[in-house]
Amino acid sequence: MEPVVILALVAVIVVVFLVVSTVRIVPQARRYNIERFGRYRRTLQPGLNLVVPVADRINTKLDVREQVYSSDPRPVITEDNLVVNIDTVLYYQITDPRAAAYEVADYLQAIDQLTVTTLRNVIGSMDLEETLTSREEINSRLRAVLDDATGKWGIRVNRVEIKAIDPPHTIKEAMEKQMRAERDKRAAILHAEGERQAKILTAEGTKQKDILEAQGAQQAMILRADGEAKAVELVFQAVHRNNADPKILAYKYLETLPHLANSDNNTFWVIPGELTEAVRTVTRAFGDQPAETPPAAAQSEEAATGGADHAPGQGRTPELDAGRTASLDAAAAADEAGKQAAAAVSDAKAEAEAAKSPQMPRRGHTSGG
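Residues numbered from 1 in each chain as written. Predicted model: local features only at pLDDT ≥ 70, side-chain atom pairs only at ≥ 80, totals over all residues. Heavy atoms only, no water.

Undergrad: Residue-level account of the overall build of the chain, with values.
TA: The helix and strand tally for the chain stands at 11 helices and 9 strands. The proportion of buried residues among the 369 residues of the chain is 27%. By sequence separation, contacts in the chain at least 24 residues apart represent 63% of the contacts at least 6 residues apart. A total accessible area of about 24400 Å² is found for the chain, and carbon and sulfur atoms account for 56% of it. (Helix = DSSP H or I, 4+ residues; strand = E, 2+ residues; numbered from the N terminus. Buried < 20%, exposed > 50% of the residue type's maximum accessible area, 1.4 Å probe, protein only. Contact = heavy atoms within 4.5 Å. Areas by Shrake-Rupley, 256 points an atom, 1.4 Å probe, with all protein chains shown as cover.)

Undergrad: Break down the packing of aromatic side chains for me, citing the residues and quoting the values.
TA: In total, this model carries 2 aromatic pairs according to the counting rule given. Ring geometry for Tyr-40 and Tyr-102: centres 5.5 Å apart, planes at 65°, overall edge-to-face. One end of the pair, Tyr-40, is in strand 3 (residues 39-44); the other, Tyr-102, is in helix 2 (residues 97-102), and 62 residues separate them in sequence. Centroid distance Tyr-92 to Tyr-107: 6.0 Å. Interplanar angle 65°. Geometry classified as edge-to-face. Of the two residues, Tyr-92 sits in strand 8 (residues 83-94) while Tyr-107 sits in helix 3 (residues 107-123), which places them 15 residues apart along the sequence. Given a relative accessible area of 15%, Tyr-107 falls into the buried group. The ring of Tyr-32 is capped by Lys-61, whose NZ or CZ atom sits 5.0 Å from the centre of that ring. (Phe/Tyr/Trp six-rings, centres within 6.5 Å; stacked < 30°, edge-to-face > 60°. Lys NZ or Arg CZ within 6 Å of the ring centre and 35° of its normal.)

Undergrad: Mind laying out the confidence of the model for the chain, listing which residues take part and the relevant values?
TA: Close inspection of predicted coordinates is inappropriate in any region flagged by low pLDDT. Looking at the chain, pLDDT values average 75 and 66% of them are 70 or higher. Helix 10 (residues 322-327) is the least confidently modelled element of the chain, averaging 38 in pLDDT, while strand 2 (residues 30-36) averages 91, the highest of any element. Taken together, the stretch residues 359-369 has pLDDT below 50 and engages in 19 contacts with residues farther than four places along the chain or on a different chain. (pLDDT = per-residue confidence, 0-100.)

Now the structure itself:
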């Protein structure tokens, strides 16, 4: 009994072993390469698979999902003979498990070396500045070369990215100085532009201010001139409406004479020729004398006018004596003329009173007295 049991037990173990060796379960996104007696037979797909026990064996197990491979920094020389360290990131996917297992011994190492050589060829045709600013171009050229080379290995390169470009320390310092200088330049330009805009706005404001002030002054002068014109017109109308006596106008004329020399810039003052006529009018007003000028009045006129020559048919413009003009300024001349006019008026009044009072003898006074 014992040998039979042992044989049965051995047979069961063998059957179980054969069954276990026959069944192969492949997980999702995995591929198993099967060899029969050392020769590639087939690739197992995900799920339950049956193989020949003892004759078939699994050679390689591959993951067909997209994978990421990051290489170490590798020194690369640029066109301007600068050594930069560049590390890349590679995204790849196995499309043919048989080729990935039998066409290349180590596809990761092969991809890494191919990436380095391609980078050296690409970066060698660029200077440092172009290398730093042309990452997209470098990535596309790397991907084109790697995809073409790894296609026969059963690998598709989906994307290649340059993770970092590390120039030498001295170059970093120079780049920082250049960047700082560029920023200082931009700041100076912006500051100058701001000052320029501020000056333009200030000039525009000053211009507008001057224009408005000039327009305001113009309007004020126009209004002032209109007011003065209206005032003169009203005075003129009032004089003509009230039929003012010429004697009053002559007296007002004499009162206005001293104001002719009020200005500080007057260095020469001329007595108008109408002064004698105004003196006659005032004399006649207070003395009730005939139109002819008496000798005393004539003497007063001659004293007031300063002995000026009279030309027939011409307006008389007596001037002050040259000696007195040299010693008196314009204001003193005006005061002197006013005094003479006042003296003439006083003489006229005195003569009028003497005519009314017979007891008082008449006295003749000259305007210069």
